[in-house]
Amino acid sequence: MKRNIWIWVVSAVVYLVIVIAGYSVYASVNAKADGQTNHADVEQEEENMDHQHSHHEHGDHGTNTASEVTPKVSYANGEITIELKDKNGHVPELEVSHDKHMHLIVVSSDLKEYYHVHPEKKAEGIYQQPIRLADQSYKVFVDIKPKGLQYSIKPIELHVGESHKQHQDNDLVADTDFTKTINGQTVELTTTPLEVNKEVTFNFDVKDAQPEPYLGALGHVVILDEDGEQFIHVHPVSNNQTVFQTQFDQPGIYKLWAEFKFGERVNAYPFVIEVQ
């Protein structure tokens, strides 16, 4: 009898050891599998966040999608030339955007000089614009809508003159006075809180005047970060309000130019803001 009890006890212990060992192996395998699944989910989530971040860069224009058109920009004899070709070396067809086939923004490296011009087509894929640029470095933004092709606005370095300086950091400081007067016409800017990843509203109070429609809108706002790398081009929220809305993906100092037309003259009002 004692012998049978002993055999039963030993058998029970052996069985228990086998069960515990089996469970340990099972748990270990599943833990690794769970770890791999979570890791994959995190990577996918990060990819989605990156996609959302790059897709949102710059309101109406300026996403980070892969461009199928690469502009080439050159300057000589007081004239800027833009050559357009798609990824296959063909000339793209441009759609009209705000009354023009091409909007060209030229900004000096210190973000002090600002030009918004509209080069004319001179030949297939060739656009030119007379413009007098002082000897220094510039960043050029070619704003176009190629028909049937993806396009992302990227800054293009342009160096004018033999003794030009390389693109340097500027010393932008956020404005404390948001009332500007140009050519006798005053504009005051008020904003909602300047915070990242939240819709920001820019309200321009055009004192004692009504801007005329300009390039298919009541006004235009162009925004650059302090490095001149991120480009935002925003249009009014309605046809009768000088109110604009956009979002910022990164905190920092930005410079904006608000363009309004009075009579035959277009004023570009510069403001420096800081996004928290």
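Okay, so let's go over this structure. Just so you know, these numbers come straight off a predicted model, no measurement behind them.

1. Remarks on the overall build of the chain
For the chain, the helix and strand inventory stands at one helix and 16 strands. In the chain, buried positions account for 39% of the 276 residues. In the chain, of all internal contacts separated by at least 6 residues, the share reaching a separation of at least 24 is 60%. Accessible surface, the chain as shown: approximately 16,000 Å² in total, 50% of it carbon and sulfur.

2. Looking at unusual backbone geometry
A positive phi angle, near 75°, is found at Asp 99, a position not held by glycine. Position of Asp 99 relative to the elements: it lies in the loop between strand 2 (79–83) and strand 3 (103–108). Under the relative-accessibility criterion, Asp 99 is labelled exposed at 52%. Although it is not a glycine, Asn 197 sits at a positive phi angle of roughly 60°. Relative to the elements of secondary structure, Asn 197 occurs in the loop between strand 10 (185–191) and strand 11 (200–206). Given a relative accessible area of 52%, Asn 197 falls into the exposed group.

3. Here's the deal with the nonpolar core
Considering soluble globular proteins, one finds that nonpolar side chains tend to be buried as a cluster. By size, the foremost hydrophobic cluster in this structure holds 34 residues, and its most contacted members are Ile 80, Ile 82, Val 140 and Val 142. Looking at this core, the elements with two or more residues in it are strand 2, strand 3, strand 4 (114–117), strand 7 (137–143), strand 8 (156–159), strand 12 (220–225) and strand 15 (252–262). Among residues more than four places away in sequence, those in contact with Val 140 are Val 73, Ile 80, Leu 104, Ile 105, Val 106, Lys 154, Pro 155, Ile 156 and Leu 158. By size, the runner-up hydrophobic cluster in this structure holds 22 residues, among which are Ile 223, Phe 260, Phe 271 and Val 275.

4. Let's talk about the pairing of strand 9 (residues 179–182)
The sheet contact formed by strand 9 and strand 10 spans four bridges and is antiparallel. Paired with Thr 181 across the two strands is Thr 186, which belongs to strand 10. Counted between consecutive antiparallel strands, the loop separating strand 9 from strand 10 contains two residues, among which Asn 183 sits at a positive phi close to 50°.

5. A short note on the sheet that holds strand 5 (residues 120–123)
Taken together, the four strands give an open sheet; going across it, the order is 1-2-6-5, and neighbouring strands pair in antiparallel fashion. One side of each edge strand has no neighbouring strand; the edge strands of this open sheet are strand 1 (72–76) and strand 5. Neighbour to neighbour, the strand axes of the sheet diverge by 30° on average, direction disregarded. Both strand 2 and strand 6 (residues 126–130) contribute to a ladder of five bridges, which runs antiparallel.

Conventions and cut-offs
- Residues numbered from 1 in each chain as written.
- Predicted model: local features only at pLDDT ≥ 70, side-chain atom pairs only at ≥ 80, totals over all residues.
- Heavy atoms only, no water.
- Helix = DSSP H or I, 4+ residues; strand = E, 2+ residues; numbered from the N terminus.
- Buried < 20%, exposed > 50% of the residue type's maximum accessible area, 1.4 Å probe, protein only.
- Contact = heavy atoms within 4.5 Å.
- Areas by Shrake-Rupley, 256 points an atom, 1.4 Å probe, with all protein chains shown as cover.
- Core = buried A, V, L, I, M, F, W, Y, C linked by side-chain atoms within 4.5 Å.
- Pairing = 2+ DSSP bridges.
- Axes fitted to C-alpha atoms, helices over the stretch in contact; angles between N-to-C directions.

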